[in-house]
Amino acid sequence: MSILLSTLNARYTHASLGLRYLLANMGELKNETRIQEFVIGAKTTEMVERILAHAPRIVGFGVYIWNVEETTRLVAMLKRVAPHIVVVLGGPEVSHETNEQPIVQLADYVVTGWGDVTFPKLCGEILHGPKPLMKVHAGVQPPMADIALPYALYSDDDIAHRTLYVEASRGCPFKCEFCLSALDKTAWPFDIDTFLAEMEALHARGARVFKFVDRTFNLNIKTSLKIMQFFLDKLAANPEDPVYAHFELVPDHLPDALKEGIAKFPPGALQFEIGIQSFNPTVQANISRKQDNGKAAANIRWLCEHSHVHMHVDLIAGLPGETVESFAEGFDKLWALGPHEIQFGILKRLRGTPIIRHTEAFGLVFDPHPPYTILANRDIDFPTMQRLVRFARYWDLVANSGRFTHVTPVLLGERPFASFMAFSDWLYANTDATHRIALDRLAALTGKYLRQLGIEGVDALLASDGHGVKQKAAAPVPSLAAPQRQVRHLAA
């Protein structure tokens, strides 16, 4: 075996789509290539040992914001004990600001951007000559029809136990400055019939959960309808063997034809991730985000009220020009629309993103270490930003978890953001922790806080969410392919 493809996934349940794309496109080198995936947190010495067991001549690492620090240690150790192995890096983290990174200095070669064509070519030159002279190789973007699809490379174990990532298109036409897709010129679709044939093969092998990584699933409505019809056909053919699909949607583009298709799906079959990020028009202009806020709000409300979609909607704190007050206003507006989850994100400076152009004007201060989270800006000082970070963590534990669905509206009252911020501050003062808070302790603390507010019937309220002595019998839940967190929301 000559070539090993490797990466450190954030969790075992995440199967790397990027590695499988590379393997599918290795051409004559495919039979000499293998995949070895790891999970962040693994011992560096054990990962090196497992890599060396393959006796590779080349190791290609996928480098991302969540694994760059651990991958740097892995590459450093690998080069120390086996300096003869050629290390090639790729992935978004090393595709920008490349030469200044320690991991790049340790490696032999780097492929920036698209690797489907460039990585196999580079490996061929390393193995058979002529030896590449340049360390950094800009990825060549091939026609979409020339890219071999990777889905047959998901193993039976992947299908049974891991999230299957799929994409009907690459790229994004929008220019939101906090996102790497701002660098794309447009979106490029795969041939839809070829793609759906691959989805058919996955379904026939037992796949029931499909996570689409397309940035803009509803960009081309005809394509969106074709994909949704694929899943509707599966549901109609065998309602007792459900499927689940996750899509990212543009919030202000939901024509009637798409609504009609969405309304046909039963509970537990669809999740939409919708990026609002900010309702503040000035902030949207600052980050080059084009969004009709009226249409976006109306579409989210329609989806919450007239469909069975599980709704996951994103906001980002720390954007240039966004004050705590304007963020709170947007948060309250979004809560009133009724999504199942509000993903409260904190701005990060991804390498290569244009957001950095606002650094001086808005006083943006970012952590120099991954994931490059904003620490302060002109409008939000460091202590306040830390309060927002804790708010986001506690919000995920309480509101987004689906374990406090009856408690959360009472906790939020008429002023959702201000009320939860007060709870967040209290919770931190009483625990000095944002992680490793056991569920029973969190429930007890929440009950104590509600009683201090003078809320009546707290024990019964907690019991309605399954906490405390007075357990409420769980309502029967239909057979669903959706993950447990979504099932909890749907069962509430």
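Remember, predicted model here, so these are calculated numbers, not experimental data. (Residues numbered from 1 in each chain as written. Predicted model: local features only at pLDDT ≥ 70, side-chain atom pairs only at ≥ 80, totals over all residues. Heavy atoms only, no water.)

Asks: Mind showing me how you'd approach the overall build of the protein here?
Replies: Each helix and strand counted, the protein has 19 helices and 16 strands in total. Its C-alpha atoms give the protein a radius of gyration of 24 Å, near enough to 23 Å, the size a compact globule of 492 residues would have. Oriented by its inertia axes, the alpha-carbon framework of the protein measures out at about 75 × 55 × 45 Å. Taken over 492 residues, the protein has a buried fraction of 54%. Intrachain contacts of the protein at a sequence separation of at least 6 include 72% that bridge at least 24 residues. Accessible surface, the protein: about 22100 Å² in total, of which carbon and sulfur atoms supply 54%. Charge centroids of the protein, computed over 49 positive and 53 negative side chains, lie 3 Å from each other. (Helix = DSSP H or I, 4+ residues; strand = E, 2+ residues; numbered from the N terminus. Rg over C-alpha atoms; globule rule 2.2 N^0.38 Å. Buried < 20%, exposed > 50% of the residue type's maximum accessible area, 1.4 Å probe, protein only. Contact = heavy atoms within 4.5 Å. Areas by Shrake-Rupley, 256 points an atom, 1.4 Å probe, with all protein chains shown as cover. Lys, Arg positive; Asp, Glu negative; His and termini not counted. Charge placed at Lys NZ, Arg CZ, Asp CG, Glu CD.)

Asks: What am I meant to see in the sheet that holds strand E12 (residues 270-277) here?
Replies: Pairing between sheet strands relies on hydrogen bonds along the backbone, with the strands arranged either parallel or antiparallel. With parallel pairing, six strands are arranged side by side in an open sheet as E7-E10-E11-E12-E13-E14. The open sheet terminates on both sides in strands that have one partner only, identified here as strand E7 (164-166) and strand E14 (341-346). Each neighbouring strand pair of the sheet contributes to a mean axis angle of 25°, computed without reference to strand direction. Two elements, strand E11 (residues 244-249) and E12, share five bridges in a ladder whose sense is parallel. Bridged to Glu 248 within E12 is Glu 273. In this fold helix H11 (residues 293-306) packs onto E12 and strand E13 (310-317), with an angle of close to 155° to the strand it touches most, E12. (Pairing = 2+ DSSP bridges. Axes fitted to C-alpha atoms, helices over the stretch in contact; angles between N-to-C directions.)

Asks: Which parts of the structure should I look at to understand the sheet that holds strand E6 (residues 136-138)?
Replies: What the six strands build is an open sheet, ordered E2-E1-E3-E4-E5-E6; its pairing is parallel. Looking at which strands have only one partner, the edges of the open sheet turn out to be strand E2 (33-39) and E6. Neighbour to neighbour, the strand axes of the sheet diverge by 20° on average, direction disregarded. Taken together, the seven bridges between strand E1 (residues 3-9) and E2 define a ladder with parallel strand orientation. The partner of Leu 8 across the bridge, within E2, is Phe 38.

Asks: Can you walk me through helix H7 (residues 192-204) in this structure?
Replies: Residues lying three or four places apart along an α-helix face the same way, a consequence of the helix completing one turn every 3.6 residues. For H7, built from 13 residues, the straight-helix expectation of 18 Å at 1.5 Å per residue is met to within 8% by its first-to-last C-alpha distance of 18 Å. Those residues of H7 that are buried are in contact with helix H6 (156-161), E7, strand E10 (209-212) and helix H8 (221-237). Taken from the residues just after H7, Gly 206 is the one with a positive phi, measuring 115°. (Expected span 1.5 Å × (residues − 1).)

Asks: When you look at the packing of H7 against H8 in this model, what are you seeing that I'm missing?
Replies: For any two helices packed against each other, the geometry is given by the interaxial angle and the distance between the axes. Put simply, H7 and H8 touch, their axes get as near as 11 Å, and they point 20° apart. On the basis of their axis angle, the class for H7 and H8 is roughly parallel. Read as a crossing pair, H7 and H8 show a hand that is right-handed. Only Thr 223, Lys 226, Ile 227, Phe 230 and Lys 234 of H8 make contact with H7, whose side of the interface consists of Ile 192, Asp 193, Phe 195, Leu 196, Met 199, Glu 200 and His 203. Its residues assigned to classes, the contact of H7 with H8 shows six nonpolar, two polar and four charged. (Parallel < 35°, antiparallel > 145°, perpendicular 65-115°, else oblique. Left-handed = near helix turned anticlockwise from the far one by under 90°. Nonpolar A, V, L, I, M, F, W, Y, C, P; charged D, E, K, R; others polar.)

Asks: What's the story with helix H19 (residues 484-491) in this structure? I'm lost.
Replies: Among all positions in H19, only Gln 486, Val 487 and His 489 are buried. All buried residues of H19 fall inside an arc of 160° around its axis, so they share one side. (Arc of directions from axis to C-beta.)

Asks: I tried to follow the pairing of E12 on my own but got confused; where do I start?
Replies: Moving residue by residue along a regular strand, the side chains alternate between the two faces of the sheet. Of all the eight residues making up E12, eight are buried; the element is thus mostly covered by neighbouring parts of the structure. Judged by which residues are buried, E12 turns out to be covered on both faces: Leu 270, Phe 272, Ile 274 and Ile 276 on one side and Gln 271, Glu 273, Gly 275 and Gln 277 on the other are all buried. One crossover worth recording links E11 to the parallel E12 by way of helix H9 (residues 256-262), and it is right-handed. Pairing geometry for E12 and E13, over six bridges, is parallel. Its bridge partner being in E13, Phe 272 is matched across the sheet by Met 311. (Right-handed = clockwise from strand over helix to strand, strands pointing away.)

Asks: Just to check I follow, could you spell out the pattern of salt bridges for this structure?
Replies: A side chain of one charge can pair with a side chain of the opposite charge when the charged atoms of the two come close. Scanning the model with the defined rule gives 21 salt bridges in all. Between Arg 20 and Asp 158 there is a salt bridge, and its shortest N-O distance comes to 3.1 Å. In this pair, Arg 20 sits in helix H1 (residues 17-24) while Asp 158 sits in helix H6, placing the two residues 138 residues apart along the sequence. Assessed through its relative accessible area of 3%, Asp 158 is described here as buried. Here Asp 158 and Arg 162 are joined by a salt bridge, their closest N and O atoms 3.0 Å apart. A single burial state applies to Asp 158 and to Arg 162, both of which are buried. Salt bridges sharing common partners tie together Glu 93, Glu 97, Glu 100, Arg 349 and Arg 351. (Salt bridge = Lys/Arg side-chain N within 4 Å of Asp/Glu carboxyl O.)

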